[in-house]
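# Notes for the structure review
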Amino acid sequence: MDDEAVLNHFNELMREDPEMSAAVAAITTLVKLMESSNAETLSGLVDTIRKATSMMLTTDFSYASITSGCEQFLRYTTLANLQETNFQKIMLHRGKVFLNNALKARAKIVGMAQQFVDDGTTILTHCRSRVVVQVLKAAAMEKKRFTVFITESHPDKSGLAVKEELSKVGIPTTVILDSAVGYIMERVQMVMVGAEGIVENGGIINKIGTFPLAVCAKQMNKPLYVVAESFKFVRAFPLSQRDVPDVYKYRASTIRAGKDLEQEHPTVDYTSPEFISLMFTDLGVLTPSAVSDELIKLYC
Amino acid sequence: MPTGEADKASGLKERIEVFVDEMKKGNSVNSCEIAINTINLLIRIISQAKFTNARELLKHVKAEGKYLQAGDPSENIIGNMIRRVLKIIREEYRAIISQEAGQERSVNFEDTSLADDEEEDYAKPTPNLKASVIEAISELKTEIEGGAENIAAMATNYIHENDIILTIGRSRTVEAFFKSAALKKIKFQVLVSECAPFCHGHEMAKNLAEAKINTTLITECQIGTIMPRVNKVIIGTHSFMANGGLKAVTGTNILALLAKEHNKDVIVCSSLYKLSPLFHSTLKHASFNKFASPNELLDYEDAELLSKVEVIAPIFDYVPPDLISMVVSNNGPQSVSYVYRLVKDYYHPDDTEL
């Protein structure tokens, strides 16, 4: 599979199934790549995978998710007792195991998180996180009655799409201005967001606007719950907004176009762990302090 | 002998009924006794259970456990013991299987989150399972019984000469903690908040005074005024939630908030069998809290008032984890943010739903 085929396959997957996470599509592409690869050495295969990863990172999909997913995939498949003659088979098998778990991750999280949605709660959420939407839908299927406030989420106005989706299953949803977060906070019981990446200290990288939402929630004593799959755990340790690398903040096409980044709006921000109450991942319900432990286990 | 077995079975059923009844009536015995009683029942249930593999045993214990917990859904300790036993069964099963397999797993990278646990269906027959499970449970029992003693042994690390310590209500663990320090000839003062309306604090104050500790009994209202003069707060708890929060007697939340306000350390003395894998938000109020008779707050003689006023007497409070400095447990001092690790060690995620 050459570079173009990799890109085509990846884009095809993202187009066919809008519900699929960018990381899962990337991992699926990598498994396909391994199947069709004729690399004869371990380092040859690893190189191919790395090249494919950097190809997929040139697309405009979430940089954080793709990097973490592919990095973990590579680690998991190569960290095994590999004999020179047999490595392809073992790596492919492990790759498929990893992909399998990634596919099941969301369902696990939904099962856990929907228990935290009680009858009569009002939930505030931000931007379009597929996991959060699925959690809310699952809670609605359990015949729970709750209301949702969703921010418009400029600049892509993804909040409006969420309202449509939730209204279809009968959840009373209201779209609010991004700037109305402080106004609405006294009326909600909890805030639930997804994440594009979870960093080493338990903080998250998510759509711009998450950080002020988190600060407001903390100030008004509302719990902030993060729902994200474990393949989003990233090996980064930002201490401030500036520390988050530019490749996370701006789309690949923006950086390529050589625009002056100081004049561009960042698409993500960083929320530190002190604002997060609990994280729902397929590894279980974790407190932010548990994240670094889990990260070590994943990246060894 | 068939009749003997039938007798045994009905004897067990009777014991279970008595236990569930006691829980329903709310004849509160202390947490340690509840834990030991639950474990004894579980040992009997397991010894009398008929099963061909671990999976059936797990199912059976879960079903019986669910019934035991239903007696008093707010009593986490019962659920904790059941889940500990389930985890013990799983561990013993794995130990026996890997011993029989007799070899190390070939893959170096042991990632518990991704690997074999998914495929483990506990269906292989294991002849010695019952015996090793019961042995492990007896070890657990010893651990629980010795809990308060282990904690009391660490008292001198936390209680210093001339300390003024504030506590609330009656906790046997904290009482033993204080008595142990007093025995080592440390002079300190204890302020006990009476914990209205049940006023367990009175008994605590009496017991401490008998141990020749300088004790003062105060009411909840005085906590705010007295807090600046206090050195530290040492409390017990009914149980811990999985995020590190406490489920403690009413009044503890206020005590913790005031302590935070005045920058005083809040130390919780409690054994780890009180740690529950549940979060307080997943428990409906019916199973998080228990309510006492309104008679405690308002006499039945004021019947006229009673018809116009809603009187609520909850027994427990939820204390969020950020108000707690540390936990002195039978395994040594722990930080509340470490609790997730303990939950992972002691309980299996599949057992959270009984």
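Under an unreviewed UniProt entry, chain B has the name Translation initiation factor eIF2B subunit beta and belongs to Elysia marginata. Its UniProt record gives chain B the following Subcellular location (unreviewed entry) comment, quoted word for word: "Cytoplasm, Cytosol".

An unreviewed UniProt entry lists chain A under the name Translation initiation factor eIF2B subunit alpha, with Elysia marginata given as the organism. Quoted verbatim from the Sequence similarities (unreviewed entry) field of the UniProt record, the comment on chain A reads "Belongs to the eIF-2B alpha/beta/delta subunits family." If you open the UniProt record of chain A and go to Subcellular location (unreviewed entry), you find "Cytoplasm, Cytosol".

Residue and element names in this part refer to chain A. The alternating pattern of strand E7 (residues 224-227) places Leu224 and Val226 on one face and Tyr225 and Val227 on the opposite face, and all of these are buried. Here strand E4 (residues 190-193) pairs with E7 via three bridges, running parallel. Residue pairing for E7: Val191 is matched across the bridge by Leu224. Here E7 pairs with strand E9 (residues 278-281) via three bridges, running parallel. Bridge assignment links Tyr225 to a residue of E9, and that residue is Leu278.

Another point: the pattern of salt bridges. In the structure shown here, the tally under the stated rule is 22 salt bridges over all chains. Among the salt bridges present, the one from A:Arg235 reaches A:Glu200, with a minimum N-O distance of 3.6 Å. With a gap of 35 residues between them, A:Arg235 in the loop between E7 and helix H10 (246-249) and A:Glu200 in the loop between strand E5 (197-198) and strand E6 (204-207) connect regions that are remote in the sequence. With a closest N to O distance of 2.6 Å, B:Arg90 and B:Asp351 form a salt bridge. Here B:Arg90, found in helix H4 (residues 76-101), pairs with B:Asp351, found in the segment after helix H14 (339-346); they are 261 residues apart in sequence, far enough to count as distant. Under the relative-accessibility criterion, B:Asp351 is labelled buried at 0%.

All names here are of chain A. Over its 15 residues, helix H2 (residues 22-36) runs 21 Å from end to end, which matches the ideal 21 Å to within 8%, given 1.5 Å per residue. Of all 15 residues in H2, 11 are buried, a share of seventy percent or more. Those residues of H2 not exposed but buried are Ala22, Ala23, Val24, Ala25, Ala26, Ile27, Thr29, Leu30, Val31, Leu33 and Met34. Considering only its buried residues, H2 is in contact with helix H1 (3-16), helix H3 (42-56), helix H4 (63-78), helix H5 (87-113) and helix H6 (130-141).

Conventions and cut-offs
- Residues numbered from 1 in each chain as written.
- Chains lettered and ligands numbered in written order.
- Predicted model: local features only at pLDDT ≥ 70, side-chain atom pairs only at ≥ 80, totals over all residues.
- Heavy atoms only, no water.
- UniProt positions renumbered as here; feature names shortened; annotations may be inferred.
- Buried < 20%, exposed > 50% of the residue type's maximum accessible area, 1.4 Å probe, protein only.
- Helix = DSSP H or I, 4+ residues; strand = E, 2+ residues; numbered from the N terminus.
- Pairing = 2+ DSSP bridges.
- Salt bridge = Lys/Arg side-chain N within 4 Å of Asp/Glu carboxyl O.
- Expected span 1.5 Å × (residues − 1).
- Contact = heavy atoms within 4.5 Å.

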